[in-house]
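# Descriptive analysis of the structure
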Amino acid sequence: QVQLVESGGGLVQAGGSLRLSCTASQNILRINTMGWYRQAPGKQRELVASVTSQGRTNYADSGKGRFTIYRDNAKNTLYLRMNVLKPEDTAVYYCNALVNAGVNRGDYWGPGTQVTVSS
């Protein structure tokens, strides 16, 4: 089992910045892909950004140029730096970890952290 705990959400004005953190209960070098997803009220959960253990990143179009995903392997922590936030970025943000093999093989989610962007 891999446990994930997010932090860093909150209320920010449009144009502001936030940094989300996701700390894993195990060495994240053993996690193949980690990512951030978000879910706004009445909408489906969607990918925001992901990064593989090799450092390959993928961003949804909505966050390109504004969001940066990165891993601190020494701290077993995943981050999402969000700049120039917009009201449409308001959502619950979830951390995800995908382990492809081994005893902890599986797809894991954190409980989520609320991000609210006011206009």
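Check the entry above for the structure.
In this report, we go over the structure that sits alongside the text. (Residues numbered from 1 in each chain as written. Predicted model: local features only at pLDDT ≥ 70, side-chain atom pairs only at ≥ 80, totals over all residues. Heavy atoms only, no water.)

The next subject is the pattern of salt bridges. The full count for this structure, using the stated rule, is four salt bridges. Taking the shortest distance from any N to any O, the salt bridge between Arg-66 and Asp-89 comes out at 2.8 Å. Of this pair, Arg-66 sits in the loop between strand S6 (57–59) and strand S7 (67–72) while Asp-89 sits in the loop between strand S8 (77–82) and strand S9 (91–99), and the two are 23 residues apart along the sequence. Side by side, Arg-66 and Asp-89 carry an identical accessibility label, which is buried. (Salt bridge = Lys/Arg side-chain N within 4 Å of Asp/Glu carboxyl O. Helix = DSSP H or I, 4+ residues; strand = E, 2+ residues; numbered from the N terminus. Buried < 20%, exposed > 50% of the residue type's maximum accessible area, 1.4 Å probe, protein only.)

Grouped together as the largest cluster of nonpolar side chains are 30 residues, with contacts concentrated most on Leu-4, Trp-36, Leu-80, Met-82 and Tyr-93. Elements that contribute at least two residues to this core include exactly strand S3 (18–24), strand S4 (33–39), strand S5 (46–52), S7, S8, S9 and strand S11 (113–118). (Core = buried A, V, L, I, M, F, W, Y, C linked by side-chain atoms within 4.5 Å.)

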